[in-house]
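Each chain, written out:
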Amino acid sequence: MFSSILAREAGTLDSDELENWVRLKRVNGWKARKRFNTVKEPQCLAVDSSDGRFLLLGFRREFTIIDATPKPRHVSMSQIHQKHLGPRTSIVLDALWYPGDSALFLLGVSSRPREGEVQIWDTDRLQCESRITTGEVSAMSMSMCSNRHELVAIGSAVFGNSIGLLDLNAGVVTQKMEGQNGRVSSLAFSPEDEHLLAAGGDDGSVQLWDVRKAGRAACVHTFDSSKREDTVVIGDVVTGYGSKRRSWKRKRNPQRQPSAHGDGAVSKLLFAPGGRYLLSVGVHAMYTWDILSGLCVSYSTFPAKNRHSALNAAVSLDQDLIYVSAGLDVGIFELFESLPTRYFERQHFASIALLESNPITEEIYSADSEGEIIGWTSDLEGR
């Protein structure tokens, strides 16, 4: 690493060559650096966005906070803090940290079908500061760039196929946005625009919303995978866009409801850095959408032999690297590429259920169905 920097300073290595060298080392150098086991399968995983220190995991009837800063390979129990929520609470369905402040976090919990609440917790005291009844919470999201509102977007059974906006200052749901075709399964605010919210449903639909509006008027785009350029197909894998070789156009059914993922629920939504492109992850595929045009610009998937379970994804701090898990594998995709360029070394012995990135420490955390969590770090020699 240092030799490349010295070569750049001496003028024998240009900036593009240095950037490509660092990028190649980063892609090829991911290693498992941290391990800890919670024994039970986590339902949700959130990374502290202020300094990247804490991991928040939700389980049935309890949650766990892990201090992920220590360097030892196996994290000791002294760095793991568990809190039982009591017999009335059956499951923690979603969790998120308050943007820019690790002192507070939110839990979406459910006590029984269609019943639940959003809880606001103090991290230091591990004490619930507020409870807001919302019904069973299927997804939550807060804007990371907002300085004008403290709204939590919520998908709840009480709202039916609508999205509720919870004002933390008022402690009530102030408005609803109607038009989602099915149960809300994933939500994500834009990293660049505090008013843009993406929502995915169990029926495979993906929509973009403007939270300044209410009702159906708030819908900006309903993404449809049939609205895309010609696609080159080899076998069962889509390999690119725009080519005329063996290209085809999907015939449109005028009675067909617009759908982003026709093969099942949307498991995760992420905005690529810069906020121009939205990634939606389904059971077998990941789509990339241009939020300005509303069109699908790329389609990505694992090879069929690796596609044994639903996909999950995390976005790195880099502009165009995406990490996607399927089964025991984590693949590294470049933005707009259809197949992974590299894979992480296999370290999990059970299917990977959750995958999150830590933009502060540039780490990736993966959690499997048996409760083992691995922290991955890219090994840049000499850094």
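Because the structure is a prediction, the values reported are computed rather than measured.

1. Examining the overall build of the protein
Here comes step 1: Counting secondary structure elements, the protein contains 2 helices and 31 strands.
Here comes step 2: Counting the 383 residues in the protein, one finds 54% classified as buried.
Here comes step 3: Once local pairs closer than 6 in sequence are excluded, the contacts in the protein between residues at least 24 apart make up 47%.

2. Some words on the packing of aromatic side chains
Here comes step 1: Counting across every chain of the model gives 13 aromatic pairs.
Here comes step 2: Between Phe63 and Trp121, the aromatic rings sit 4.9 Å apart at their centres with planes inclined by 70°, giving edge-to-face as the arrangement. Of the two residues, Phe63 sits in strand S4 (residues 62-67) while Trp121 sits in strand S8 (residues 115-122), which places them 58 residues apart along the sequence.
Here comes step 3: For Phe63, a relative accessible area of 0% gives the class buried.
Here comes step 4: On the basis of an interplanar angle of 5° and a centroid distance of 6.2 Å, the ring pair of Phe105 and Trp121 is categorised as stacked. One end of the pair, Phe105, is in strand S7 (residues 104-112); the other, Trp121, is in strand S8, and 16 residues separate them in sequence.
Here comes step 5: Among the aromatic residues, ring-to-ring pairing joins Phe54, Phe63, Trp97, Phe105 and Trp121 into one connected group.
Here comes step 6: Above the face of the Phe59 ring, Lys40 is positioned so that its terminal group lies 5.5 Å from the ring centre.

3. Structural notes on the nonpolar core
Side chains of a nonpolar character, in soluble globular proteins, are inclined to be buried together.
Here comes step 1: Core analysis: the biggest nonpolar cluster contains 17 residues, and Val206, Leu208, Leu269, Phe271, Leu278 and Trp289 have the highest contact counts within it.
Here comes step 2: Breaking this core down by element, the ones donating at least two residues are strand S15 (196-201), strand S16 (206-210), strand S21 (268-271), strand S23 (286-290) and strand S24 (296-300).
Here comes step 3: Listed in part, the 16 residues of the second largest apolar core include Leu56, Val92, Ala95 and Val109.

4. A short note on the side chain of Ser280
Here comes step 1: Considering the arrangement of structural elements, one finds Ser280 in strand S22 (residues 277-281).
Here comes step 2: Among the polar contacts made by the side chain of Ser280, one reaches the side chain of Trp289 at a distance of 2.8 Å.
Here comes step 3: Excluding its chain neighbours within four sequence positions, the residues that come into contact with Ser280 are Val206, His261, Val266, Lys268, Leu269, Ala285, Met286, Tyr287 and Trp289.

5. Section: unusual backbone geometry
Here comes step 1: If you check the backbone angles, Val39 has positive phi at about 70° while not being a glycine.
Here comes step 2: Turning to its location among the elements, Val39 is positioned in the loop between strand S1 (30-37) and strand S2 (44-47).
Here comes step 3: Using a relative accessible area of 65% as the deciding quantity, one classes Val39 as exposed.
Here comes step 4: We note that Phe336 has phi near 80°; this positive angle belongs to a residue other than glycine.

6. Brief notes about the environment of Gly294
Here comes step 1: For Gly294, the location among the structural elements is in the loop between S23 and S24.
Here comes step 2: For Gly294, a relative accessible area of 9% puts it in the buried group.
Here comes step 3: Gly294 sits 16 residues away from Leu278 along the chain, and the two C-alpha atoms are 9.8 Å apart.
Here comes step 4: Apart from residues no more than four positions distant in its own chain, Gly294 is found in contact with His221, Phe223 and Trp289.

7. A closer look at the pairing of S4
Here comes step 1: By the criterion of burial, S4 is predominantly enclosed, with 6 of the 6 residues buried.
Here comes step 2: Neither face of S4 is open: one carries Glu62, Thr64 and Ile66, the other Phe63, Ile65 and Asp67, and all of them are buried.
Here comes step 3: As paired elements, strand S3 (residues 54-58) and S4 share 5 bridges and run antiparallel to each other. Each bridged residue has a counterpart across the sheet, and for Leu57 the counterpart in S4 is Thr64.
Here comes step 4: The hairpin formed by S3 and S4 contains 3 residues between the paired strands, and Arg61 there has a positive phi angle of roughly 65°.

8. Examining the confidence of the model for the protein
Caution applies to low-pLDDT regions: their predicted coordinates should not be interpreted in detail.
Here comes step 1: Across the protein, the average pLDDT comes to 79, with 76% of residues at or above 70.
Here comes step 2: Across residues 4-8, confidence stays below pLDDT 50; counting only partners more than four residues off in sequence or on other chains, it has 9 contacts.
Here comes step 3: Here residues 230-252 is a poorly scored stretch, pLDDT under 50, and it has 46 contacts once near neighbours within four places are set aside; other chains count.

9. Quick look at the pattern of salt bridges
Here comes step 1: In total, this model carries 11 salt bridges according to the counting rule given.
Here comes step 2: For the salt bridge of Asp210 with Arg212, the shortest nitrogen-to-oxygen distance reads 3.1 Å.
Here comes step 3: With a relative accessible area of 8%, Asp210 lands in the buried category.

10. Here's the deal with the pairing of strand S29 (residues 352-358)
Here comes step 1: Most of S29 sits inside the fold, with 5 of its 7 residues counted as buried.
Here comes step 2: Bridge analysis of S29 against strand S30 (residues 363-368) gives 6 bridges, and the strand direction is antiparallel. Each residue of the ladder has a partner; that of Leu355, found in S30, is Ser366.
Here comes step 3: Taken together, S29 and the strand that follows it, S30, pair antiparallel across an intervening segment of 4 residues, in which Glu362 is found at a positive phi of about 55°.

11. A few points about the sheet that holds strand S17 (residues 219-223)
Here comes step 1: Reading across the sheet, the 4 strands line up as S14-S15-S16-S17 and stay open at both edges, with antiparallel pairing between neighbours. Of all strands in the sheet, those bounded by a partner on one side alone are strand S14 (184-189) and S17. Neighbour to neighbour, the strand axes of the sheet diverge by 20° on average, direction disregarded.
Here comes step 2: Bridging between S14 and S15 involves 5 bridges; their strand directions are antiparallel. Its bridge partner being in S15, Ser186 is matched across the sheet by Gly200.

Rules and cut-offs
Residues numbered from 1 in each chain as written. Predicted model: local features only at pLDDT ≥ 70, side-chain atom pairs only at ≥ 80, totals over all residues. Heavy atoms only, no water. Helix = DSSP H or I, 4+ residues; strand = E, 2+ residues; numbered from the N terminus. Buried < 20%, exposed > 50% of the residue type's maximum accessible area, 1.4 Å probe, protein only. Contact = heavy atoms within 4.5 Å. Phe/Tyr/Trp six-rings, centres within 6.5 Å; stacked < 30°, edge-to-face > 60°. Lys NZ or Arg CZ within 6 Å of the ring centre and 35° of its normal. Core = buried A, V, L, I, M, F, W, Y, C linked by side-chain atoms within 4.5 Å. Polar contact = N/O pair within 3.5 Å; in protein donor to acceptor, adjacent residues only side chain to side chain. Pairing = 2+ DSSP bridges. pLDDT = per-residue confidence, 0-100. Salt bridge = Lys/Arg side-chain N within 4 Å of Asp/Glu carboxyl O. Axes fitted to C-alpha atoms, helices over the stretch in contact; angles between N-to-C directions.

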